[in-house]
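Inside the fold
Read off the chains here:
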Amino acid sequence: MTWVLANIEQIWSLTLDHILLSVPPILVGFLLAVPIGWLAHRYRVSRGVLLTVCGLLYTIPSLALIVAMPTLLGTKILNPANLIVTLTIYAIALMVRTATDAFDAVSKDVTQSATAVGFGGWRRFWQVELPLAGPVLLAGLRVVSTSTVSLVTLGALVGMSGLGYLFTNGYQRNFATEILTGIVGTVLIAIVFDVVLVILGRMLLPWARVDTAARRNAKTATTKAVTA
Amino acid sequence: MITFDSVSKRFPDGTLAVDDFNLTLPSRTTTVLVGSSGSGKTTLLRMINRMVDPTAGSIRIDDDDISTLEPVKLRRSIGYVMQNSGLLPHRTVADNIATVPLLSGVKRPAARTQALELMDTVGLDRSLAERYPSQLSGGQQQRVGVARGLAVNPNILLMDEPFGAVDPLVRSELQQELVRIQKDLAKTIVFVTHDIDEAFLLGDQVVLLKTGGKIAQVGTPADILANPADDFVNTFVGADRGRRALRIEQVSGRQVVVDGTGRIAGILNDGTPT
Ligand SMILES: Nc1ncnc2c1ncn2[C@@H]1O[C@H](COP(=O)(O)OP(=O)(O)O)[C@@H](O)[C@H]1O
Ligand SMILES: [Mg+2]
């Protein structure tokens, strides 16, 4: 604890770096995965190709990808872009499948009736399909968020900032407190991100809670009726 | 007036859902398409708002060939109500009813006022306006569906088995409500059902369909009952089982009407309204 207090300034600055490295892959990954997922949902031909490519991307070892980035992008070895682009690719690979499922799960009755009452394709996407895919998209985004925050620690292995530095440094010095601080900090960031996402979800998707509550009530009502 | 002129529909997989269909649906009356599942009712209905385009023939609304009309605009001018209400689960009841006016550029306060008025029309309590569809009963959801269908004050209302999924008691309530609304509003209604009793109750013109959208008989309910065209019609309307054949029996001085199965259908009045 004394070590933590003595080094609080450095820990805080590593935390900020960690956050700065985490946010772009999460956001960009999400924003790219949603349209890709929609294409996979909408067109059968693209579905197989897109889902396979994303599945394969995910199997590339992350460290190998980070190390290969300078060659692929023409960046310097210590450029944070290497890490950010790598994690964005991972975020997309992880998110596209969920996004596809999210759009698949939107009721056909609802989209057809939206068409029937006069939604054009564009408006139907923004006002009907996207919001209704929201709950599943949010679930996927939460997984991506947590996984990205944890993957950012890998950056320390190739000399980048972030709480991962406390792992490598603590390991070299054989100093458990420092390693533990890194772990706790990373978990705290992941939790804070998750809470923010859940709150955003409640604000943007107020109907979703009502919907699940109604379904749960209906279920207990039928079980009661059956057991009665 | 809606006119089908030699209309056929073959789906890409080869199914001939509608084969050379000809029919005139007069304005301001209810035409019911009735037939068993797979007879092409939904396909016929969806051709009217261009959800499905015919592979042959043409459909006119008054004097316009609808293939020349822009589909999205056409759909906004026609009410559509379907079986599982098709309401938007993420919008409140009032917003659902106001969906199409909002799409067409009506201002929010005006659309909302009108939505509340429509709730009165279809017999929904205004206190339900802020609920989500999942918080309503099946019957209430269908009422919202009807209100949404009426929201642009369309001349034409398309209804695809709108009361098919609610229990019999609520169904008959909704049917009566529709009869009342239609008396006031006099829309051109195209109503699809597989229930012949519902067809006879609601239809000014009833169209009995066989597979492939083949017309077995068209006429008023009285026409069809009095002169069934063939055995298919006979069976479909239940005349062959004697279900429709009523007879009069004397019971303690009153004339009681009994149906073909021996069940009491009602009491015969001597013409003086009670
Ligand atoms: N999109 C479609 N693709 C292929 N076949 C279809 C499609 N829609 C309907 N059909 C077929 O067309 C026939 C008529 O269907 P439909 O109009 O839905 O009948 P109904 O509403 O009377 O039950 C059925 O055989 C059905 O399987
Ligand atoms: Mg149907």
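Our subject is the structure listed above.
Parameters and conventions
- Residues numbered from 1 in each chain as written.
- Chains lettered and ligands numbered in written order.
- Predicted model: local features only at pLDDT ≥ 70, side-chain atom pairs only at ≥ 80, totals over all residues.
- Heavy atoms only, no water.
- Near = heavy atom within 4 Å.
- Polar contact = N/O pair within 3.5 Å; in protein donor to acceptor, adjacent residues only side chain to side chain.
- Areas by Shrake-Rupley, 256 points an atom, 1.4 Å probe, with all protein chains shown as cover.
- Contact = heavy atoms within 4.5 Å.
- Buried area = accessible area lost by both parts, 1.4 Å probe.
- Salt bridge = Lys/Arg side-chain N within 4 Å of Asp/Glu carboxyl O.
- Helix = DSSP H or I, 4+ residues; strand = E, 2+ residues; numbered from the N terminus.
- Nonpolar A, V, L, I, M, F, W, Y, C, P; charged D, E, K, R; others polar.
- Pairing = 2+ DSSP bridges.
- Axes fitted to C-alpha atoms, helices over the stretch in contact; angles between N-to-C directions.
- Buried < 20%, exposed > 50% of the residue type's maximum accessible area, 1.4 Å probe, protein only.

A word on the site of ligand 1. Residues and elements named next belong to chain B. All residues adjacent to ligand 1 are Phe 11, Asp 13, Thr 15, Ala 17, Ser 36, Ser 37, Gly 38, Ser 39, Gly 40, Lys 41, Thr 42 and Thr 43. Here an oxygen atom of ligand 1 sits 2.6 Å away from a polar atom, N or O, in the side chain of Thr 42. Between ligand 1 and Thr 43 there is a distance of 2.5 Å, counted from an oxygen atom to a side-chain nitrogen or oxygen. For ligand 1, whose unbound accessible area comes to 560 Å², protein coverage reaches 63%.

Here the focus is the interface of chain B and chain A. Every contact between the two is made by 22 residues of chain B and, on the other side, 20 residues of chain A. Carbon and sulfur atoms make up 63% of the surface buried where chain B meets chain A, a total of about 2,000 Å² over both sides. Inspection of the chain B/chain A interface yields zero salt bridges. At the level of elements, α2 (71-76), β6 (78-82) and α4 (99-103) of chain B are the ones that each hand at least two residues to the side of chain B that touches chain A. Looking at the side of chain B that touches chain A, its residues break down into 10 nonpolar, seven polar and five charged.

Sheets are built from strands paired through backbone hydrogen bonds, the pairs being either parallel or antiparallel. Residue and element names in this part refer to chain B. Reading across from one edge, β6-β7-β8-β3-β9-β10 is the order of the six strands in this open sheet, with mixed pairing throughout. Since the sheet does not close on itself, it has two edges, and those belong to β6 and β10 (214-219), each with one partner. Each strand axis lies, on average, 15° off the axis of its neighbour in the sheet, ignoring direction. In terms of strand pairing, strand β7 (residues 156-160) meets strand β8 (residues 188-193) through five bridges, oriented parallel. Directly across from Asp 160, in β8, lies its bridge partner Val 192.

Oppositely charged side chains may form a pair once their charged atoms are brought near each other. All names here are of chain A. For the coordinates displayed, the defined rule picks out 14 salt bridges over all chains. Residues Glu 178 and Arg 173 are paired through a salt bridge, measuring 3.0 Å at the closest nitrogen-oxygen approach. In this structure Glu 178 comes out as buried when scored by relative accessible area, which is 1%. Arg 173 gets classed as partly exposed once you look at its relative accessible area, which sits at 48%.

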